[in-house]
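Structural overview for review
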Amino acid sequence: MSVFPMLERRLVKLNKLTSLLPKPIESLPRVDHLCAHLKVCAKSCYLRTGESIHAHLIVRNQSSRAEDAWQITSLINLYMKCGETLRAHKLFDTMPERSVVSWCSLMKGYQDSGFDFQVLKLFKSMVFSGESQLNEFVATIVLKSCSSSGRIEEGKQCHGCFLKYGLMSHEYVRNTLLYMYSSCSGTREAIKILDDLPCCDLLAFNSALSGYLEHGSLEEGLDVLRRMAEEDLAWDVFTCMSSLKLCSSLRDLELARQIHSRMVRFGFDCHVDVSGALINMYGKCGNPLYAQRVYNGTKTQNIVLNTSIMDAYFQNKSYEEALNLFAKMETKEVPPNEFTFAVLLNSTAELSLLRQGDLLHGLVLKSGFRNHVMVGNALVNMYAKSGSIEDAWKAFSGMDFRDIVTWNSMICGFSHHGLGKEALEAFEEMMSAGEFPNRITFIGVLQACSHMGFVEQGHYYFNHLMKQFGVEPDLQHYTCVVGLLSKAGLFEDAEYFMRIAPIRWDVVAWRALVNACYVRRNYSLGKKVAEYAIEMHPKDSGIYILLSNIHAKSKEWDGVARVRSLMKERRVKKEPGVSWIGIRNKTHVFLSEDNQHAEIVLIYAKVKEVLSKIRPLGYASDVAGAYHDVDEEQRENNLSYHSEKLAVAYGLMKTPEKSPLYVTKNVRICDDCHSAIKLISRLSNRLIVVRDSNRFHHFQDGHCSCCDYW
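Thresholds applied
Residues numbered from 1 in each chain as written. Predicted model: local features only at pLDDT ≥ 70, side-chain atom pairs only at ≥ 80, totals over all residues. Heavy atoms only, no water. Disulfide = S-S within 2.5 Å. Pairing = 2+ DSSP bridges. Helix = DSSP H or I, 4+ residues; strand = E, 2+ residues; numbered from the N terminus. Contact = heavy atoms within 4.5 Å. Axes fitted to C-alpha atoms, helices over the stretch in contact; angles between N-to-C directions. Core = buried A, V, L, I, M, F, W, Y, C linked by side-chain atoms within 4.5 Å. Buried < 20%, exposed > 50% of the residue type's maximum accessible area, 1.4 Å probe, protein only. Right-handed = clockwise from strand over helix to strand, strands pointing away. UniProt positions renumbered as here; feature names shortened; annotations may be inferred. 1 Å grid on protein atoms, 1.4 Å probe; cavity = no way out; pocket = protein on both sides within 12 Å on 5 of 7 lines; lining within 4 Å. Points joined across faces, edges and corners; volume = space filled by probe spheres on them. Nonpolar A, V, L, I, M, F, W, Y, C, P; charged D, E, K, R; others polar. pLDDT = per-residue confidence, 0-100. Salt bridge = Lys/Arg side-chain N within 4 Å of Asp/Glu carboxyl O. Expected span 1.5 Å × (residues − 1). Bend = angle between axes of the 7 residues up to and from the residue.

1. Comments concerning the state of the cysteines
- If you walk through the whole model with that rule in mind, you get 0 disulfides.
- Here C161 is not cross-linked by a disulfide; its sulfur's nearest cysteine counterpart is in C158, at 6.8 Å.
- Sulfur of C673: no disulfide; nearest cysteine sulfur belongs to C670 and is 3.4 Å away.

2. Structural notes on the sheet that holds strand β3 (residues 661-665)
- Ordered in space as β2-β1-β3-β4-β5-β6, the 6 strands form an open sheet in which the pairing is mixed. The sheet is open, and its two edges are formed by β2 (586-591) and β6 (703-704), each paired on a single side.
- Sheet topology note: the strand β1 (residues 578-583)/β2 ladder contains 6 bridges and is antiparallel. When the sheet's bridge partners are listed, I583 is paired in β2 with K586.
- Contacting β4 (688-691), β5 (696-700) and β6, helix α37 (residues 671-684) crosses the sheet at an angle of about 40° to β5.

3. Some remarks on the nonpolar core
- Counting residues in hydrophobic clusters, the biggest one holds 182 residues, and the most contacted among them are M107 and F162.
- When residues of this core are assigned to their parent elements, the largest contribution, 8 residues, is made by helix α30 (residues 507-519).
- If sequence neighbours within four positions are ignored, M107 has contacts with V119, L122, F123, M126, V138, I141 and V142.
- Membership of the second largest hydrophobic core comes to 30 residues, among which are A647, V648, A649 and C704.

4. A few points about the pairing of β4
- Side chains I688 and V690 project from β4 onto one buried face, and the interleaved V689 and R691 project onto a second face that is buried too.
- Across 4 bridges, the pairing between β3 and β4 is parallel. Across the sheet, the residue bridging to Y662 is V689, located in β4.
- Each parallel crossover has a hand, and for β3 linked through α37 to β4 it is right-handed.

5. Some words on the environment of S249
- Looking at the element boundaries, S249 is found in helix α14 (residues 237-250).
- The partly exposed category is assigned to S249, whose relative accessible area is 35%.
- Residues S249 and L218, spaced 31 residues apart in sequence, show a C-alpha to C-alpha distance of 7.6 Å.

6. A look at the UniProt feature "repeat: PPR" (unreviewed entry) in the chain
- Following the UniProt record, the feature "repeat: PPR" (unreviewed entry) maps to residues 201-235, 302-336 and 403-437 here.
- Between the first and last C-alpha atoms of residues 201-235 the distance is 10 Å; the span itself is 80% helix and 0% strand.
- The distance from the first to the last C-alpha atom of residues 403-437 is 10 Å, and the span holds 74% helix and 0% strand.

7. Points about the layout of surface pockets
- Looking at the second largest pocket, its volume works out to about 530 Å³.
- The wall of the second largest pocket is formed by 23 residues, among which N77, K81, V101, S105 and K108 lie closest to the centre.
- Elements supplying a minimum of two residues to the lining of the second largest pocket: α2 (31-44), α4 (69-81), α6 (100-112) and α8 (136-149).
- The leading source of residues in the lining of the second largest pocket is α6, at 7 residues.
- Taken together, the residues of the lining of the second largest pocket sort by class into 9 nonpolar, 7 polar and 7 charged.

8. Observations regarding the confidence of the model for the chain
- Averaged over all residues, the pLDDT of the chain equals 88, while 93% of them reach at least 70.
- Taken as a whole, residues 20-27 scores under 50 in pLDDT and shows 0 contacts with residues more than four places along the chain or in a different chain.

9. What to know about the pattern of salt bridges
- Per the stated rule, a full pass over the model turns up 26 salt bridges.
- Where E51 meets R87, a salt bridge forms, and the shortest distance between an N and an O atom there is 2.8 Å. Placement of the pair is E51 in helix α3 (residues 47-59) and R87 in helix α5 (residues 85-93), with a sequence separation of 36 residues.
- The partly exposed category is assigned to R87, whose relative accessible area is 34%.
- As a salt-bridge pair, D708 and K678 come within 3.1 Å of each other at their nearest N and O atoms. With a gap of 30 residues between them, D708 in the segment after β6 and K678 in helix α37 connect regions that are remote in the sequence.

10. Details of helix α27 (residues 455-468)
- Between the first and last C-alpha of α27 there are 19 Å, a value that for 14 residues agrees with the 20 Å anticipated at 1.5 Å per step.
- Of all the bends in α27, the greatest, near 35°, is centred on Y461.
- Taken residue by residue, α27 has V455, G458, Y461, F462, L465 and M466 as its buried positions.
- Buried residues along α27 sit in contact with α25 (420-432), α26 (439-452), α28 (475-487) and α29 (491-500).

11. Things to note about empty space enclosed by the protein
- Taken as a whole, this structure holds 4 cavities of 30 Å³ or more when the rule is applied.
- Taken together, V607, V610, L611, K645, V648, A649, L652, A676 and I680 make up the full set of residues lining the largest cavity.
- No other element matches the 4 residues that helix α36 (residues 643-654) contributes to the lining of the largest cavity.
- When its residues are assigned to classes, the lining of the largest cavity shows 8 nonpolar, no polar and 1 charged.

Shown next, in the form of C-alpha cells:
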C-alpha cells in the first residue's frame, strides 16, 4: 500500500489532462504516413476516416500548395474510389500544379465508375494543357476507355498520338491496343498489329483472342489461335479458357479435341475451372459423352461442375440423363444453386413431367431460390410446357422481378395452349410495363393471332410493329404468317406470300400449308403443295404422311400406295408414335399396339371398355384414313390401340376419379384419337390435356380447346 495515496490520485488526474493538450508539431503524424492511411481508406471505401485525414491536412495547410501534390492525389484517389467524383474533380481543379499521377488518378476513377467519355475529355485537356508528359499508364487507361465505350474512331486517333510519343513499345499499351481493335471493330486490324510486332508474347495473343470473342468475330479469333499454335507458346489458364469459349461458339468438335489434347500437354486438364469449361465445350459441340468423361476424371466436384454436366446433356436434348444425374448427386455435400434448378426445370419442361416439376418446385422453395428471376422463368416455362397453364400463370404472377424471358415464356405458353386472347393481353401488359419485345415475343404474338383468326392484326404486328421495335423478321416469323393465312382459309394469299417472301422456306412452312389444306379439305391444293415439298425435302416423313392422309380422305388408294412405295424407295421411315403419362412419380411410355408394358392386358381391356361406352355418344372409328390393304375390322383394331389411347386408358385406371390427366405425344395426334378423347373427357368428367408436336389440346366435356384445328 502506498504511503501517499492522495498524491498518486492527483498525478493520475494530471496525466489525463495532459494527454488532452495539443501535441508539439514534431509529434504529429508524418505526411507519408497519412498518404498510406488514405490509400487504405480508398481501398476499403472508408470515406469518413478519409474525410478526417483531409480535414487534418487542411488544418496543417498541407492540401493546397504546389508541394502538396502527393497528398492531394491520394485524396483524389480516395474520393473516386468512394464514388465522390464531383469532390474529386473539384479538388483536382484547385491543384496549383498537376502531375501525370494526378491526371491518371482522376481518369482511372472515372473509368472505374463507367464514365469513359469523361476519361477521353480529360485526356484531351491533358494533351492541350501540356502540363504533364504522357506515359504508358495514361495510354492504357485511355485505350481501355475507348474499347469499353466502343469508340473505335477515337481509339485510332489515340493510337496515332501514342505512336508519336513513342509509347507503343510498352507491353501493356500494346496489349490494350490489340484488345481495343479486336473487341470494337472485329476486323483484322488486330491481326495486322500482331504481324507488325517484332515478337509476340502470350499476353498479346490473349488480348487479341479475348477481344475477338467479345465482339463475336469467331473466324478472326480462330486465326489468332492458329498463330498461337504456330508460335508454340506455353499457354496459361486465360488462354485455355478463351480457347474453350471459342470452340463452344464454333461448335467444332474436332477443334475441341485438339484444344483438349493441348491442355493435357500443358497440364491444365486438372484445373477445376478448365474442367468446367471443357464440360461446357463438349456439351455445346454435341458430345455429352466426352463431357461425362471429363466430369468423371475430376478429382473434386463442386456445383459448377455438377451443373455443367447436367447442362451438357440438356443442350443435346438428353433430358432424362440430366434429371438422372441430379438424382445420383450428393446434394447434401454440394447443394444445388439457381443455375442447377433452371437446368432441371427446363429438362422437366421438355419431357412434360408435371409431377416431377411439382417436386422440383417444392425443392426450390425449400432451398430459398424462388425469387431468382432465372428460376422463376424456368418455373413458368415448366408449368406451361407440362400442361398446367394455370400454374404457369400463378408462378408468373408471383414473381417480383420480370425480364423479357419471363414475358416471352408466358406469352408463348398461352399461344401454345391455344389461348390467343390471353397471349395478346399479356403482350399489351408487357408493353405497358416498358419491356421491349424481341423476335421470340413476336413468334408468340403471331401464333396467338393465328389461333384467334386475327389476320389483319397479325399483319399489323408483322409489317409495322416489328419494324418499329427494330426486330428483323426471320424464317419462324414468316412461317407464322403462313400458318395465320392458311388457318383462316386464305390459301391464295398464303401461296402469294410464300412466292414473294425474301427467304428460303424450310419444310416446317410447307408442312403448315399442307396441314391447313388437309384440315380445311382443300385436297387439290394440298396434293400440289405436298408433291412440291417432297421434291424440295425428300427426307421429311411428315410431308409424306400428310399427302398419304389426303389421298386416303379422298379414297384415292392408288395415291396412298404410291406415297408408301416412294417412302420405301427413298428409305424414309415414319416416326413411330410414342406417348407417355406420369403417375406417382413414374413415367409410363407407350407405343402404338404396345405389348411391352407389364399391365398391357388390363390396359387393352380398359381401351375396349371405354370405346364401347363412347360409341353411344357418337364415336365411330375413322377407318377412312387408315390403310386400305387390310379389312375394316383390322383397320379399326389398329386405330383402337394408338399410343395416346393406351396412355389415357392407363391414366383412367391408375388415378382418382375426376382428376386431370396429362399425356404427351411426340407426333401430331391423329383424327380418330382426337375424336375419341373428346368423348372420353365427357364420359369420365375429366380434364384431359394432350401435348402433341403442334400444340396443347385441352379436352373437357366433349370439346377440345383447338376447336378441331391442329
